[in-house]
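Coordinate inspection notes
For reference, the chains in residue letters:
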Amino acid sequence: MDTSDPHEIIANETTPLVPAKGSKKPRTPLPKLQIGILLTLQLAEPMVSTSIFPYINQLIRELGITGGDEAAVGYYAGIIESLFFVGQASAMLRWARLSDRIGRKPVLVIGLSGTCISMLCFGLSTTFWGIFPSRCMCGFLNGNMGVIKTMMGESTDSTNMVQGFALALTAWCIGGFLGPLIGGTFARPQDHRPTIFSGSFWGKYPYFLPCALAVCLLVLALVIMSIFLEETLSTNRRPKFTSTTVVISSSSDRESLAQKSMANMPLRSLLTPVVVIATANFAMLAFLDISFMVLWPLFFSTPVYLGGLGFDPASIGSWMALFGIIDAVFQAFFCAKIVDWVGPKRLFCVSVSCYAPAMAMFPIMSWILRVRGKVDHATTFALLCQLVMAVAWHMAYGTISLFIKASAPTNNVLGAINGLGQTSASVARAVGPALATSLFAASKEHNLLGGNAVFVILIILAGGFRWLASRLPDEIQDRDE
């Protein structure tokens, strides 16, 4: 006879399966060594992709392909900046799905090794058609971002995932700080340090030194990863194709088999509405962000008479490095706390709303410089205001990663979902630089909307992005429960 208290039964059966919002699980400590190595690897893409920004416009002028037309520099600079992401977009998803089969670590080794080789080739290129294949190869062999995000997701749980992805964003910002700093400081070393770099080699390859320094950092990261990084894809989660007969002895075996089958599913079957909306937001975020990041040095280097600031590569590198370090510090110490405070979706929408005012600062700075006749404290204040809004905009990266991870139906396809997101972002980043810089050049060349048509178009797109952000789910599903 059952002697249990009926009130106790009712209490048990009506107890929520998912704890109430007020009762949070204790936060799991992050695996420090594993996360630290992943953060080091996270530096690679932003450092490699942004290290050419301070000197790319000067390089275009020296190649002579514009015929001395300053307004046309943006066309060719945009093409070169896009090539990295064209190569990356063409291979990112293949690398991500390969990591679901052979493991994460081998794909990372291939990616870092290929990036090192292609960076050295870029530094040794002296013609436009020499730069073209080296930059494409650099992106093609760099499939690391999707794999790193997958490993970050596999190394965290629902209690520390926000903290982990906030640190990943911090590492991205540090890479964005190191890249322009290296590129702006060490480009054309024979001009700035002639006593040390006086040989004919530096005159023939004036941009080899920043590429070589970036490669040294990548090699160090490669060695550390090879020795200390732990593989996060367990062997029992990898698809096996050697057996033709499967015996299912329990429900856990059936679940494991279903997950392995899902890992081999066609990509189209993974495109659920939740995945598509999260991926579309990531792609739009990447497009608008890379457009801003390539317009920044182009605007800085454009002569004053064309509406720019007329900065040299060293000044451009310093301003971009300042943005990178402030961005990194803010994301490291405040992003996770703000996500916990206001929630991922609300923070994402607020961050997206900061893009339009940041973009509007470009024509405002042109107007200030035209009125005052020189770069003074007023222009500097406007630059600092733009920097603050750009930092707030960048918080969107920390939150979109949470939506991408949560959209994966199972952990076995997490690599594919992250690869899909990174591929979409890479396509957007491939289109963004060429489109933004071409619009900038056309705006200046034909005086469209007073030379500001490119900024107006991007502000309108930012309005559409704000609507797209509202389509994200209000809450992120916790699969750890």
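Scroll up to find the structure this text is about.
Residues numbered from 1 in each chain as written. Predicted model: local features only at pLDDT ≥ 70, side-chain atom pairs only at ≥ 80, totals over all residues. Heavy atoms only, no water.

To continue, consider the overall build of the protein chain. Helix and strand counts for the protein chain stand at 20 helices and zero strands. Across the 481 residues in the protein chain, those meeting the buried criterion constitute 55%. Taking all contacts inside the protein chain whose residues are at least 6 apart in sequence as the whole, residues at least 24 apart take part in 83%. Surface accessibility of the protein chain: about 20,900 Å² in total, with carbon and sulfur atoms responsible for 66%. (Helix = DSSP H or I, 4+ residues; strand = E, 2+ residues; numbered from the N terminus. Buried < 20%, exposed > 50% of the residue type's maximum accessible area, 1.4 Å probe, protein only. Contact = heavy atoms within 4.5 Å. Areas by Shrake-Rupley, 256 points an atom, 1.4 Å probe, with all protein chains shown as cover.)

Right, let's talk about the packing of aromatic side chains for a bit. One pass over the full model with this rule turns up 24 aromatic pairs. Aromatic side chains Phe128 and Phe132 sit 6.4 Å apart centroid to centroid with 65 degrees between the ring planes, which places their arrangement in the edge-to-face category. Of the two residues, Phe128 and Phe132 are both situated in helix α7 (residues 128-140); the distance of four residues between them amounts to about one turn of the helix. The class of Phe132 is partly exposed, set by a relative accessible area of 29%. Geometrically, the ring pair formed by Phe348 and Phe465 is edge-to-face, given 5.9 Å between the ring centres and 85 degrees between the ring planes. In this pair, Phe348 sits in helix α16 (residues 344-353) while Phe465 sits in helix α20 (residues 453-469), placing the two residues 117 residues apart along the sequence. By the burial criterion, Phe348 is buried, and Phe465 matches it. When the ring centre of Phe122 is taken as reference, the NZ or CZ atom of Arg135 above it lies at 5.7 Å. (Phe/Tyr/Trp six-rings, centres within 6.5 Å; stacked < 30°, edge-to-face > 60°. Lys NZ or Arg CZ within 6 Å of the ring centre and 35° of its normal.)

Turning our attention to unusual backbone geometry. Negative phi characterises most residues that are not glycine, and trans characterises most peptide bonds. At Asn447, a residue that is not glycine, the phi angle is positive and equals roughly 55 degrees. Positive phi, normally seen in glycine, also occurs at Leu449, with a value near 50 degrees. In this fold, Leu449 is placed in the loop between α19 (414-446) and α20.

What follows deals with the environment of Asn160. Residue position: Asn160 is located in the loop between α8 (144-154) and α9 (161-186). Residue classification places Asn160 among the buried positions, given a relative accessible area of 2%. A sequence separation of 176 residues divides Asn160 from Ala336, and the C-alpha atoms of the two residues are 9.5 Å apart. Residues in contact with Asn160, not counting those within four places in the same chain, are Arg27, Thr28, Pro29 and Leu30.

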